[in-house]
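These are the residues of each chain, in order.
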Amino acid sequence: MSVSAHASALLPETLKLDFPILSQKLYDNRPLIYLDNAASSQRPRSVLEAMNRVYERSYSNVHRGSHYLSSVATVEYESARSAVAEWIGADSPNEIVFTQGTTAAINLVAHGLAPALDGGDEILLTMMEHHSNIVPWQQLAERTGAFVRWVEITDDGRLDMQSLAAALTEKTKIFAFSAVSNVLGTRNPVKELVAAAKAVKATVIVDAAQAAPHEAMDVGDWEADFVAFSGHKMLAPTGIGVLYGRRDLLEAMPPFLGGGSMIRTVTTEGFTPAALPAKFEAGTPPIAEAIAMGAAIRYLDDIGLDAIHRHEQALAAAAHEGLRDVEGLRILGPDPSEKAGIVSFVADWAHPQDIASALDEQGIAVREGHHCTMPLHKRLGIESSARASFYLYNTLSDVEAFVEGMKQARSLFAGRKRGKR
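Residues numbered from 1 in each chain as written. Predicted model: local features only at pLDDT ≥ 70, side-chain atom pairs only at ≥ 80, totals over all residues. Heavy atoms only, no water.

**Q** What is the right way to read the overall build of the chain from this model?
**A** Assigned secondary structure in the chain consists of 14 helices and 17 strands. Taken over the C-alpha trace, the chain has a radius of gyration of 22 Å; the compact-globule value for 421 residues is 22 Å, and the two agree within 12%. Seen along its three principal axes, the alpha-carbon backbone of the chain occupies a region of about 75 × 55 × 35 Å. Across the 421 residues of the chain, 56% fall into the buried class. The contacts in the chain between residues at least 6 apart in sequence include a share of 72% that link residues at least 24 apart. Carbon and sulfur atoms form 50% of the exposed surface of the chain, whose accessible area is close to 17,900 Å². (Helix = DSSP H or I, 4+ residues; strand = E, 2+ residues; numbered from the N terminus. Rg over C-alpha atoms; globule rule 2.2 N^0.38 Å. Buried < 20%, exposed > 50% of the residue type's maximum accessible area, 1.4 Å probe, protein only. Contact = heavy atoms within 4.5 Å. Areas by Shrake-Rupley, 256 points an atom, 1.4 Å probe, with all protein chains shown as cover.)

Shown next, in the form of structure tokens:
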């Protein structure tokens, strides 16, 4: 099947016009083809304009003033929180904590769960986790005497369910896993994993950084205790993220940071924390960023996450099909039907960095490196990989250009190898 045989109901050519950065030309007047969306997405005009409007018309600190600007900013900020809660199916906006991103959200939870752990307790992770969902738990284990255990993956990049069954025991107090792997693209069965963890009374944290921007999710249906994701991967600005937490768990956890906004009272003897969610939002929050995140959600809702997901799967399938014609290439992860719009790979004819540089010369932006997943790369027997990742504004012609760029890169580097013999 040719790349062009894969179709999508989405109209990415039209959507691309909403993103000013994608209209520029690079190098020898080549169009920019942005395939680094798993690292960070671009922003449509509506999001850029929402952020500008805040600074031009309504910026003020929130929750602290009786004047007009503060009142308007507070309403817009809390409206964004309500939009997030509705978007992910939370019971209440009070279960939504704005953070700097997924990393900050997971660190907040790891800090808050420390009192519930004793020496000998176990924290369960998977081999496909991002460092942001590894290091905070390793730090927590160091502080409490708990142990970190691992769920293995299969050779085709899926979770090994037998390994999970063996690892989940009465000692497991925390199970943290990604909904979608940022390297393999694997879409994990979140609801099934949550149910398995609940059977042993473990607290569950879902890293949804690679899921939230691309497919509809319902935290109530998942029944996870905590869910974390970032704005900058879903068309919103950097510096804004979300922690969803079950209300009873958030209320039981101590504040992560101390300072302004997170208190009810302060005396010379101590303090009492504010009610949720202010309890976990110390200091001046990312006001404009949160409001712009609300605009990003409206943009995604207008298109429809189901349509976006189908479109990205079509692009991933097209990329898989096209890359089969590139000799010496190993695609990481499962079949396109079981993954998100992420295609990572290694080649026997060039280092991932060289491949990324060669594609960049053609105006094609991909990512290379360990992608903050060193344990995963070690498990795969490689040090680094290259990754193309798709979003709603990518087109089949982008995929065709990427595949052609890979063929040209192979010719270039394979030719150099032959010349050395």
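That shown, we press on.
**Q** What's the story with a nonpolar patch on the surface in this structure? I'm lost.
**A** Side chains of Ile 263, Val 266 and Phe 271 sit close together on the surface and give an oily, nonpolar patch of about 270 Å² of accessible area. Relative to the helices and strands, Val 266 resides in strand β11 (residues 263-266). (Patch = residues over 30% accessible without salt bridge, like charges linked within 9 Å, V, L, I, M, F, W, Y side chains within 5 Å. Salt bridge = Lys/Arg side-chain N within 4 Å of Asp/Glu carboxyl O.)

**Q** In this structure, what is going on with the sheet that holds strand β16 (residues 367-369)? I would like to understand it.
**A** Two modes of strand pairing occur in sheets, parallel and antiparallel, and in both the strands are linked by backbone hydrogen bonds. Within the open sheet, the four strands sit side by side as β13-β14-β17-β16. Their pairing is antiparallel. Whereas interior strands pair on both sides, the edge strands pair on one side only; in this sheet they are β13 (329-332) and β16. Across the sheet, the mean angle from the axis of one strand to that of its neighbour is 30°, orientation sign disregarded. Packing against the sheet, helix α11 (residues 305-323) makes contact with β13 and β14 (342-347), and its axis sits at approximately 20° to β14. (Pairing = 2+ DSSP bridges. Axes fitted to C-alpha atoms, helices over the stretch in contact; angles between N-to-C directions.)

**Q** What is the right way to read the side chain of Ser 163 from this model?
**A** With respect to the secondary-structure elements, Ser 163 resides in helix α6 (residues 161-167). The contacts of Ser 163, once residues within four sequence positions are left out, are Trp 150, Val 151 and Glu 152.

**Q** What should I look at first to understand the pairing of strand β4 (residues 96-99) in this one?
**A** Side chains on a regular strand alternate between the two faces of the sheet. The alternating pattern of β4 places Ile 96 and Phe 98 on one face and Val 97 and Thr 99 on the opposite face, and all of these are buried. Judged from the four bridges that link them, β4 and strand β10 (residues 241-245) form a sheet pairing that is antiparallel. Bridge assignment links Val 97 to a residue of β10, and that residue is Leu 243.

**Q** Help me out: how do you make sense of the nonpolar core in this one?
**A** The nonpolar side chains of soluble globular proteins are, as a tendency, buried together. Formed by 81 residues in total, the largest nonpolar core has its most connected members in Val 227, Phe 229 and Leu 392. Counting residues per element, this core draws most heavily on helix α10 (residues 287-303), which supplies 11 residues. The next biggest cluster of nonpolar side chains, apart from the first, holds 29 residues, and it includes Ala 319, Leu 329, Ala 388 and Phe 390. (Core = buried A, V, L, I, M, F, W, Y, C linked by side-chain atoms within 4.5 Å.)

**Q** Even after reading the chapter, I still don't get the confidence of the model for the chain, so can you show me in this structure?
**A** One rule of thumb: low pLDDT means the predicted coordinates there are not for detailed reading. Summary statistics for the chain give a mean pLDDT of 96 and a share of 97% for residues scoring 70 or more. The spread of mean pLDDT over the elements of the chain runs between helix α14 (residues 396-420), the lowest at 87, and strand β9 (residues 226-230), the highest at 99. (pLDDT = per-residue confidence, 0-100.)

**Q** What is the right way to look at the pairing of β9 in this model?
**A** Summarising burial for β9: five of the five residues are buried, a large majority. By the alternation rule, side chains of β9 split into Phe 226, Ala 228 and Ser 230 and Val 227 and Phe 229, which are all buried. Where strand β8 (residues 203-207) meets β9, three bridges bridge the pair, whose relative direction is parallel. Directly across from Ile 205, in β9, lies its bridge partner Phe 226. Bridge count for β9 against β10 is five bridges, and the pairing is antiparallel. Paired with Ser 230 across the bridge in β10 is Gly 241.

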